[in-house]
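Listed below are the residues making up each chain.
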Amino acid sequence: MNAPVKHSADAATVEEGLAIQEEQARFDDDFATETAMSNTLLTPRFYTTDFDELDAIDVSPVREDWDKLIAQMVSDPNKGHFKKNEDWDHVDWDGMDPALKKEFIDFLISSCTAEFSGCVLYKEMKRRGNNDDIVQLFQLMARDEARHAGFINDALREAGLRVNLGFLTQSKKYTYFRPKFIYYATYLSEKIGYARYITIFRHLEANPEHRFHPIFKWFEEWCNDEFSHGEAFALLMKTDPRLTSGKNVFWIKFFLTAVYATMYVRDHQRPAFHKALGVDPDWYAHEVFTKTSELTKQIFPITLNIDHPRWQRTLEALHRANVQIARAKTRGGLGGKLSQMAGSARAAWCFASLYTIPAKKHRVPASTRLEPVY
Ligand SMILES: [Fe+2]
Ligand SMILES: [Fe+2]
């Protein structure tokens, strides 16, 4: 009797999860991997950092909350969850509207790359570290992200596609960020990831006729993993009050603006996808920003004023600038180049306009810990 092939969902460590996926890599598809390889302002990147500085963090100031969070992650409530089971309905890829299919595949590849980007960064920290607390946390987070990426790849495989994760690790460009920027960017991406997944999950719970693919049924447990990862970064930042005060507040505002604006523009590139979900992307963006802002009050002393009259208007202008850039790129030639430059200038102006909207200030609570309540 053959031993059943193990699934990345059952892997207890990141190494095991990746080995299983490596084994399946012979089915890899060039299109999906090439898409995942692309590096633009809007596509998920891979990061590297000063791992020694990260390793030097002393979590004693947050020890009590830290131990509770780690114990919860060690208990591993989602082990075995991220794989297809009887809830996985048949997907009619051939019958899917071509525009929807294109956008949905783009969504899956981009999500898989983002999950894997976290996995690679966390795994590297775990490999290089000597600090037991840090090594353990990053091992646990890498484990989760490997499962998430593996599950999206399962969904892609049904469409005849697959992202070659081993190839990506070796060949995708890495962007260097100082540890504090990694905290802001990664903390935000975990929390906004939670807000995005839970908003879609709740919407489809109320409107199941819009659930055009079974993967959305998995979003609740999925976003709870991301929530815990965000909690861990909040605790890491809490160990050093300088990270969230003084001139660093300007950086926090920068990352908030960049993460929100990127999400807005990227989502507005997928009209058919949002239509199929029955979601108005403007409503969705506002909903996700509201939830994320509420969550980030646990550690950031400011939130963006997303109800300011300039906010929505400027996001729309930024989206139009982005459309202009994309069209100009396709057009090519001197005219295309000039139009692309004009579009980039408009986009930069929009970003500056968003950044200069006065932020809302508030007092940060003594304890950061939160539970997922949305
Ligand atoms: Fe994830
Ligand atoms: Fe995560």
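Residues numbered from 1 in each chain as written. Chains lettered and ligands numbered in written order. Predicted model: local features only at pLDDT ≥ 70, side-chain atom pairs only at ≥ 80, totals over all residues.

On to the overall build of the protein, then. A count of helical and extended segments in the protein gives 14 helices and four strands. In terms of C-alpha radius of gyration, the protein reaches 20 Å, essentially the compact-globule figure of 21 Å for 374 residues. Residue burial in the protein is summarised as follows: out of 374 residues, 38% are buried. Expressed as a percentage of contacts within the protein between residues at least 6 apart in sequence, the contacts between residues at least 24 apart total 82%. (Helix = DSSP H or I, 4+ residues; strand = E, 2+ residues; numbered from the N terminus. Rg over C-alpha atoms; globule rule 2.2 N^0.38 Å. Buried ≥ 20, exposed ≤ 12 C-beta atoms within 10 Å, placed from the backbone. Contact = placed C-beta atoms within 7 Å.)

C112, C119 and Y260 are the most contacted members of the largest nonpolar core, which has 85 residues in total. Once residues within four sequence positions are removed from consideration, C112 is found in contact with A36, A149, I152, N153, L156 and V163. (Core = buried A, V, L, I, M, F, W, Y, C linked by C-beta atoms within 7 Å.)

A few words now on unusual backbone geometry. The phi torsion at D76 lies on the positive side, around 55 degrees, for a residue other than glycine. Tracing the sequence through the fold places D76 in the loop between α4 (63–75) and α5 (98–128).

The next subject is the environment of R369. Note that R369 resides in the segment after β4 (360–361). Accessibility expressed as a C-beta count within 10 Å gives 16 for R369, which makes it partly exposed. Sequence-wise, R369 and V74 are 295 residues apart; in three dimensions their C-alpha atoms are separated by 17 Å. Other than its neighbours up to four places away in sequence, R369 contacts D65 and E231.

The geometry of helix α2 (residues 30–37) relative to α5 is characterised by a closest axis approach of 9 Å and an angle of 60 degrees between their N-to-C directions. It follows from the interaxial angle that α2 and α5 lie oblique. Between α2 and α5 lies a crossing whose hand is right-handed. Contacts from A32, T35 and A36 in α2 reach I109, C112 and T113 in α5. (Axes fitted to C-alpha atoms, helices over the stretch in contact; angles between N-to-C directions. Parallel < 35°, antiparallel > 145°, perpendicular 65-115°, else oblique. Left-handed = near helix turned anticlockwise from the far one by under 90°.)

Next up on the list: the packing of helix α10 (residues 248–267) against helix α14 (residues 333–355). For the pair α10 and α14, interaxial distance at closest approach is 10 Å and the crossing angle is 125 degrees. One way to sum up the angle between α10 and α14 is to call them oblique. Two packed elements cross with a definite hand, and for α10 against α14 that hand is right-handed. Counted together, K253, F254, T257 and A261 of α10 and F351, L354 and Y355 of α14 form the full contact between these two elements. Among the residues forming the contact of α10 with α14, the class breakdown is five nonpolar, one polar and one charged. (Nonpolar A, V, L, I, M, F, W, Y, C, P; charged D, E, K, R; others polar.)

It is worth spelling out the confidence of the model for the protein at this point. In the predicted model, the protein carries a mean pLDDT of 92, and the fraction of residues at 70 or more is 96%. Averaged over each element, pLDDT in the protein is lowest for α2 (74) and highest for strand β3 (residues 302–303) (98). (pLDDT = per-residue confidence, 0-100.)

Another point: the environment of R63. One can find R63 in helix α4. On the basis of neighbour counts, which here come to 13 C-beta atoms within 10 Å, the residue R63 falls in the partly exposed class.

All right, on to the environment of T186 then. Along the chain, T186 turns up in helix α8 (residues 179–206). The exposure class assigned to T186 is buried, which follows from the 24 C-beta atoms found within 10 Å. A sequence separation of 135 residues divides T186 from A321, and the C-alpha atoms of the two residues are 27 Å apart.

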